Amino acid sequence: MQLTGEQLIGHQAVRGEGRELLAINPHDQQPIPSPVFNCASAALVNEACVLAEQAFDSFRSVAPELRARFLEEIAEGIVGLGPLLTERAHLETGLPMARLEGERGRTVGQLRLFASVLRQGRWQDATLDSALPDRQPLPRPDLRMCKIALGPVAVFGASNFPLAFSVAGGDTASALAAGCPVVVKAHRAHLGTSELVGRVIQEASKRLELPEGTFSLIVGDGNDVGQQLVSHPAIKAVGFTGSRSGGLALMRAAAARPEPIPVYAEMSSINPVFLLPGALSARAKSIATGFIDALVMGAGQFCTNPGIVLAVDGPDLEAFLDKAGAHLGDKAAQTMLTPGIHSAYSQGIDRITSQPCVQAVASGQPDLGATQAQGHLYQTTFESVAANAQLLEEVFGPAAIVIRCQNVNEMLAFAKSIEGQLTATLHLEDEDLGIAQGLVQAMEKKAGRVLVNGFPTGVEVCDSMVHGGAFPATSDSRTTSVGSTAIDRFLRPVCYQNLPNVLLPEALKQNNPLNIWRLVDGKTTAPKG
Ligand code: NAP
């Protein structure tokens, strides 16, 4: 497959009319000369959205089996790109090949998971309440409910997962599974990778003769393209992963529309780790090494990176800090995804170190290049953090602050006062269970995932996963962007009252033609055979 730098608008590849863009190699910050991308004009963005609107009715009506095959063909196509994809992604992001190969596995796994979700049929939540014509004092009509697709979805690829949260990532896979056409805005940080994956989706769409506007991929630089996408009347929902400021800007744009639409934005999280006294006493050193490994993994560019650690002051905490500091000291600096992300990291470090209440614990190996990130560990007290909210802002990269607490009540007070988080981690032994109960109760109200004796980096893609959490972790705490229930974001329930069988959606027809799980008069009914 040849990269051309064109926009993928429906089934066409079209050269943009806007200014020229080149991908950047983050290792040396030099432009990658080929291909030259041209930004989309407003007319092209409009064309992609109009095509998506035109495709919506046919795409949402195709048999779930065909949509499942579409997702599987995308997965096969991505695998079929072989090293072309991972080598281009490596060139554009600086991420190690092994990480990219793992991420490719996760991406195709996600697509296949949604194919199986479609085949199971539970995603439609088909629910039937039979008519009760003789009910007194009033008869009940025949009532049936199922979920239908929301409409065309705009997806913003994330910089830090060039495959799994990008063009064919979780947002796209769940929206296509739901029956929503997708218009993706490629992330500036991996333009060629985006085109390769976009072409796989476009080819699969053509091969399966899906409606033309089922998928488009737009390249743009700056906020205009994103704002236009979110404001376009054809777009009915948005999936976004990135900065808090970017997510908030898109939420504002969506709310200001004549018809406001939902924005599912995953934004910022510092993922607190609570080290309970029994655990710290039993295994301070092993927790310390595990924590530092999680902190510096992927140059800390994970939304689930553990940025805050809390523990009660004392010799066990000293042992933890000594070991963590020594382990961090051995860690090499790593190249960050973009000069912009590196600059945001440097500013975050300056923000922390400018606070007199913060002391340095240790740093990793010095950086060797302009976009390399050195790991840093700091410490402060609960009292200082309580008086200085700036210390709790996300620093995207391999930096964390250890908060010394006088007692476990301060840990609990922290848990009760912190903003929404993607994850909360507890390290505990049996003797800590009493304290842990209060922390779990406090953190389950804030976090999408609460975990014990592990580290939050690494998000399993499965039915029970929640990659969500209260604001500002996400814009809508009722949902997840990873795992099979991510499809719910792009569906809405409709109740059909007294419709003749022929007018009902397939999922609700009398003889269950899709042969799916349904809730009939309060009883779960299994498919036959
Ligand atoms: P970003 O700046 O939020 O950009 C993400 C996408 O949204 C890009 O396509 C960007 O387009 C678009 N966008 C941003 N602001 C917009 C606005 N006001 N209007 C319209 N579109 C807008 O994220 P990033 O470039 O990936 O990284 C920047 C920072 O985000 C990082 O330093 C880090 O702090 C944070 N981040 C957090 C996570 C997380 O999971 N928590 C993940 C990645 C990044 P343009 O670039 O074309 O403007």
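Predicted model only: the values in this text are computed from it and were never measured. (Residues numbered from 1 in each chain as written. Predicted model: local features only at pLDDT ≥ 70, side-chain atom pairs only at ≥ 80, totals over all residues. Heavy atoms only, no water.)

Undergrad: Explain the sheet that holds strand β20 (residues 447-452) to me, and be specific about the residues and the numbers.
TA: If you trace the seven strands from one edge of the open sheet to the other, you get β15-β17-β18-β13-β12-β19-β20, paired in mixed fashion. Of all strands in the sheet, those bounded by a partner on one side alone are β15 (359-363) and β20. Neighbour-to-neighbour, the strand axes of this sheet turn through a mean angle of 20°, independent of strand direction. In the sheet, strand β13 (residues 308-312) pairs with strand β18 (residues 399-405) via five bridges, with the strands oriented parallel. Opposite Ile308, over in β18, you have Ile401 as the bridge partner. Contacts from helix α10 (residues 315-329) reach β12 (272-275), β13, β15, β17 (376-381) and β18, with the element oriented near 170° to β18. Packed on one face of the sheet, helix α11 (residues 339-353) meets β17 and β18 and runs near 30° to β17. (Pairing = 2+ DSSP bridges. Helix = DSSP H or I, 4+ residues; strand = E, 2+ residues; numbered from the N terminus. Axes fitted to C-alpha atoms, helices over the stretch in contact; angles between N-to-C directions. Contact = heavy atoms within 4.5 Å.)

Undergrad: Provide a residue-level description of the pairing of strand β3 (residues 20-25), including the pertinent values.
TA: Sheet topology places β3 next to strand β4 (residues 30-38); five bridges connect them, and they run antiparallel. Bridging across to β4, Ala23 finds its partner in Ile32. Hairpin remark: β3 followed by β4, antiparallel, with four residues in the connecting loop; positive phi at Gln29, about 60°.

Undergrad: Let's hear about the layout of surface pockets: which residues, and what values?
TA: For the largest pocket, the calculated volume is near 1,200 Å³. Phe240, Gly242, Ser243, Ser245 and Gly246 are, among the 46 residues lining the largest pocket, the residues nearest its centre. Looking at the lining of the largest pocket element by element, the count peaks at six residues for α11. A per-class count over the lining of the largest pocket returns 16 nonpolar, 21 polar and nine charged. Estimated volume of the second largest pocket: approximately 400 Å³. Considering the residues around the second largest pocket, the lining is formed by 20 residues, among which Arg60, Ser61, Gln124, Pro505 and Glu506 are closest to the centre. Elements that contribute at least two residues to the lining of the second largest pocket include exactly α1 (42-61), α2 (64-80) and β6 (143-149). Broken down by element, the residue count for the lining of the second largest pocket peaks at four residues, all from β6. (1 Å grid on protein atoms, 1.4 Å probe; cavity = no way out; pocket = protein on both sides within 12 Å on 5 of 7 lines; lining within 4 Å. Points joined across faces, edges and corners; volume = space filled by probe spheres on them. Nonpolar A, V, L, I, M, F, W, Y, C, P; charged D, E, K, R; others polar.)

Undergrad: Give me the lowdown on the site of the ligand, citing residues and values where you can.
TA: Close to the ligand lie 24 residues; Ser159, Lys185, Ser243, Met267 and Cys303 are nearest. In the model, an oxygen atom of the ligand is placed 3.1 Å from a nitrogen or oxygen of the Gly222 main chain. Measuring from a nitrogen atom of the ligand, one finds a backbone N or O atom of Met267 at 2.2 Å. When isolated, the ligand has an accessible area of 860 Å², and the protein chains bury 85% of it. Applying the majority rule of atoms within 2 Å of the grid points places the ligand in the largest pocket. For the shell around the ligand, the secondary-structure elements that each account for two or more residues are α7 (223-231), β10 (237-241), α8 (244-255) and α11. (Near = heavy atom within 4 Å. Polar contact = N/O pair within 3.5 Å; in protein donor to acceptor, adjacent residues only side chain to side chain. Areas by Shrake-Rupley, 256 points an atom, 1.4 Å probe, with all protein chains shown as cover. Sits in = over half its atoms within 2 Å of the grid points.)

Undergrad: Explain the nonpolar core to me, using residue names and the numbers behind them.
TA: Judged by nonpolar contacts, the single largest core of 56 residues is most densely connected at Phe70, Ile74 and Ile78. Elements that contribute at least two residues to this core include exactly α1, α2, α4 (97-120), β7 (153-156), α5 (170-178), β8 (182-185), α6 (191-207) and β9 (215-218). The residues contacting Phe70, other than those within four sequence positions of it, are Phe59, Leu176, Ile201, Ala204, Ser205, Leu208, Leu210 and Thr214. Among the nonpolar cores identified, the runner-up in size contains 37 residues, and Leu95, Ile352, Leu428 and Met443 belong to it. (Core = buried A, V, L, I, M, F, W, Y, C linked by side-chain atoms within 4.5 Å. Buried < 20%, exposed > 50% of the residue type's maximum accessible area, 1.4 Å probe, protein only.)

Undergrad: Quick one: what's the story with the pairing of β17, residue by residue and with numbers?
TA: Within a regular beta strand, the side chains point alternately toward one face of the sheet and then the other, so they alternate between its two faces. Counting buried residues in β17 gives five out of six residues, a clear majority hidden from the surface. Where β15 lies against β17, four bridges are found, and the strand directions are antiparallel. Looking at the pairing, Ala362 lines up with Leu377 of β17.

Undergrad: Account for the sheet that holds β6, with residues named and values stated.
TA: In spatial order, the strands read β21-β6-β5-β22-β23; together these five strands make up an open sheet with mixed pairing. Two strands lie at the open edges of the sheet, namely β21 (491-497) and β23 (523-525), each paired on one side alone. Each strand of the sheet is rotated relative to its neighbour by a mean of 25°, with strand direction disregarded. Note: strand β5 (residues 127-129) against strand β22 (residues 518-520), two bridges, orientation parallel. The residue bridging Thr127 from the neighbouring strand is Leu519, located in β22.

Undergrad: An account of the side chain of Glu195 is needed here, citing residue identities and associated values.
TA: With respect to the helices, strands and loops of the structure, Glu195 is situated in helix α6. Given the relative accessible area of 1%, Glu195 is considered buried.

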